[in-house]
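# Coordinate inspection notes
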Amino acid sequence: MRYLCLILLGLLAAGEAWGYQEFQIWVDQQTTRNVNCALCHAHGDGPDGVKPGQIGSLDAEGLRSLEAARQAFEPGAEVESPILNAFGNKIIERLGRTGFINLRTRPEAFPEAYGLETDLDSDGIPDAQEYLDGTLATNPHHGAPLRLLLHNLRVNLGTLLLIGLATLLGLFGINNLLAWFALATADQQPSDAEHDEATHSEGGGSSNSDGTTEAK
Amino acid sequence: MRATQCLRSGIEFLAERFPIEKMNVRSMVQTKTVPVHRMSWAYYMGGLALFFFLIQLTTGLLLLFYYEPTVSDAHASVERITEHISGGALIRNLHTWSASAMILTVQLHMLTTFAMKAFVKPRELTWISGVLLLILTFTFGFTGYLLPWHQIAVNATKVGLQSIEEVGAYLPGAMSEWPGLIKELIQGEPSVGQATLSRFYALHVVLLPLAFFAVLGLHLLSVQLHGMSQGVDRPARRTERFFPFFILKDAWLWGLVFLVLFVLALCLPFEAFFSYPLFEAYDPMGSTPDGIKPEWYFYFIYYPLELLPFWVVMLAQTAAMVVLFAAPWIFKNSSRRTLGILAVAAALYLVVMTLFGQQIYEMFKGGA
């Protein structure tokens, strides 16, 4: 009996340490993207281990923060668990641990429970949508390409207009510079007749205003 | 006697390809004309490839200010560039998008040049230098891919280097050792590590650019000396002056392409197309994420390697390289129609393998 209890305790501890993989598995199945524990955790391999962002690397203060986060059963508590990333902490804040754990059997219901209001990385894509897309809610450079493109186009419209204008002006300048240069060196170039003779030895031709020469 | 004859023919060959009497501004710029016909758009591909190379050079130099080529700091320095350096994300995205655009343009340039039979006498060396530039461009891609030191970079490089070693199994006697030695020479240590990163860094930022400049100089000189090839069977009815009209159109095209590139770099990070675990810092002790693949421009060889016996792919690749280098002599008497069909077939292969390689792989291997 004692051994059974120990095994059960061990399994519970392991479950805690490995995080809640149901969400990750569901996202993996629903999208064409592969995801890992970094969806909500500080480390891609999950909370178990001794690398930065994993339980084994925590100092006394880190362990206190972790314990405080583990006590946040109800929504509304601001948590800063060192083994979670900003999205993971926000989930606990919005749903509470109880609410989140209750969703384990229904990972598809997570976006509705979490809501579309928060966008932690300010990339224009709500965190819940990023969960559905299998992208990172904490990285402004990662998101569904089309959504990211449309948002960034809106945000950077002024910059893009300025760059467009600068490019046009630059090209206008180059246009005139080259035209002037061509005129200045025109006396050194062969006449049209000579030019045509050189390019169309069989028959000469006539020059057009757009710089093209037609062969006869 | 025979040696003297060989030397004389060699000198004559070079004199015909690099005529000294044409090496002046008047001949190479002022009187140069460009044929105007239905394939004229292809004349802009080389210039466009050069434009992307210049973007690579400029953005690459800017990235050098902050990038740190050590296994402990490389990934962090790239993250720093992307997230903390002003304009860093834009410069990095410009570099990434432009790299892909350069490879695409160089491939298109080669295919159109082939279809237009622009490699025949006296342009054989222009073609060969172009093939060298294509290989150098791919090598730029391969070496640059490792530098961010993330999961996909290191693991894909390992796969790439491993395939070099596998060639040894098909070579006789002592030659079978050579690929392994070459791999070790490139890698610098038993596994991909600091020595590999240092070597790839040196190749990417010093040796390859120097080699590229040298070959590019030869290529451009050759292009300017011989002018644009006729390109179509019937001589074009119209021509336009290279200077200033063709250059002006080139400049406008560069401007337009720059705008498109800028929009992409500012609004669409290249990494958004991939799963994020692939861009985490490489951890030799950690788990390897799914979906490790080389860059898209290597799919044309990656998927065949996954599907077919190694020797078949190597044989095909060697044959393709020989045909590429010897094209001016092999296809000397081929019609442009035949060359066009071959170029379209090659383009179709590249497009299908790049876009549908994964589906083809799953079809034959039954699931990813």
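Shown above is the structure to which this text applies.
Source: prediction; values computed, not measured.

From N to C terminus, chain B includes 13 helices and 2 strands. Relative to the 2.2 N^0.38 estimate, which gives 21 Å for 368 residues, the radius of gyration of chain B is 22 Å and therefore close to what a compact globule would have. Dimensions of chain B along its principal axes, counting C-alpha atoms only, are 65 × 55 × 45 Å. Residue pairs in contact within chain B that sit at least 24 positions apart in sequence constitute 79% of those at least 6 positions apart. Counting every atom, chain B has about 18,200 Å² of accessible surface; 69% of that belongs to carbon and sulfur. In chain B, the 25 positive side-chain charges and the 23 negative ones have mean positions that sit 21 Å from each other.

Formed by 55 residues in total, the largest nonpolar core has its most connected members in Phe52, Phe114, Phe119, Trp127 and Phe212 of chain B. Listed by contribution, the elements that provide at least two residues to this core are helix H3 (45-64), helix H5 (88-115), helix H6 (124-146), helix H7 (151-166), helix H9 (194-226), helix H10 (242-267), helix H12 (310-330) and helix H13 (336-365) of chain B. A per-element tally of this core places H5 of chain B first, with 11 residues. Residues Tyr20, Phe23, Trp26 and Ile91 of chain A belong to the second largest nonpolar core, which totals 21 residues.

Time to look at the pattern of salt bridges. By the definition in use, this model includes 13 salt bridges over all chains. With its nearest N and O atoms 3.0 Å apart, the salt bridge here joins Asp133 of chain A to Arg147 of chain A. With a gap of 14 residues between them, Asp133 of chain A in helix H6 (residues 127-133) and Arg147 of chain A in helix H7 (residues 145-155) connect regions that are remote in the sequence. Relative accessible area serves as the criterion here: at 14%, Asp133 of chain A is assigned to the buried category. Overlapping salt bridges, with partners in common, bring together Glu16, Arg17, Lys121 and Glu124 of chain B in one network.

Turning next to the packing of aromatic side chains. The final tally for this structure, using the stated rule, is 41 aromatic pairs over all chains. Ring centres 6.1 Å apart and planes at 85° place the aromatic pair Phe87 of chain A and Phe110 of chain A in the edge-to-face group. Of this pair, Phe87 of chain A sits in helix H4 (residues 86-102) while Phe110 of chain A sits in helix H5 (residues 110-114), placing them 23 residues apart in sequence. The residues Phe87 of chain A and Phe110 of chain A share a single accessibility class, namely buried. Centre to centre, the rings of Phe274 of chain B and Phe279 of chain B are 5.6 Å apart; their planes meet at 75°, and the pair counts as edge-to-face. The rings of Tyr20, Phe23, Trp26, Phe87, Phe100, Phe110, Tyr114 and Tyr131 of chain A are connected pair by pair, giving a single aromatic cluster. Seen from the ring of Tyr114 of chain A, Arg94 of chain A lies directly overhead, with NZ or CZ sitting 5.3 Å from the centre. Across the ring face of Phe13 of chain B, the terminal group of Arg17 of chain B is positioned such that the distance to the ring centre comes to 3.7 Å.

Basis of the calculations
- Residues numbered from 1 in each chain as written.
- Chains lettered and ligands numbered in written order.
- Predicted model: local features only at pLDDT ≥ 70, side-chain atom pairs only at ≥ 80, totals over all residues.
- Heavy atoms only, no water.
- Helix = DSSP H or I, 4+ residues; strand = E, 2+ residues; numbered from the N terminus.
- Rg over C-alpha atoms; globule rule 2.2 N^0.38 Å.
- Contact = heavy atoms within 4.5 Å.
- Areas by Shrake-Rupley, 256 points an atom, 1.4 Å probe, with all protein chains shown as cover.
- Lys, Arg positive; Asp, Glu negative; His and termini not counted.
- Charge placed at Lys NZ, Arg CZ, Asp CG, Glu CD.
- Core = buried A, V, L, I, M, F, W, Y, C linked by side-chain atoms within 4.5 Å.
- Buried < 20%, exposed > 50% of the residue type's maximum accessible area, 1.4 Å probe, protein only.
- Salt bridge = Lys/Arg side-chain N within 4 Å of Asp/Glu carboxyl O.
- Phe/Tyr/Trp six-rings, centres within 6.5 Å; stacked < 30°, edge-to-face > 60°.
- Lys NZ or Arg CZ within 6 Å of the ring centre and 35° of its normal.

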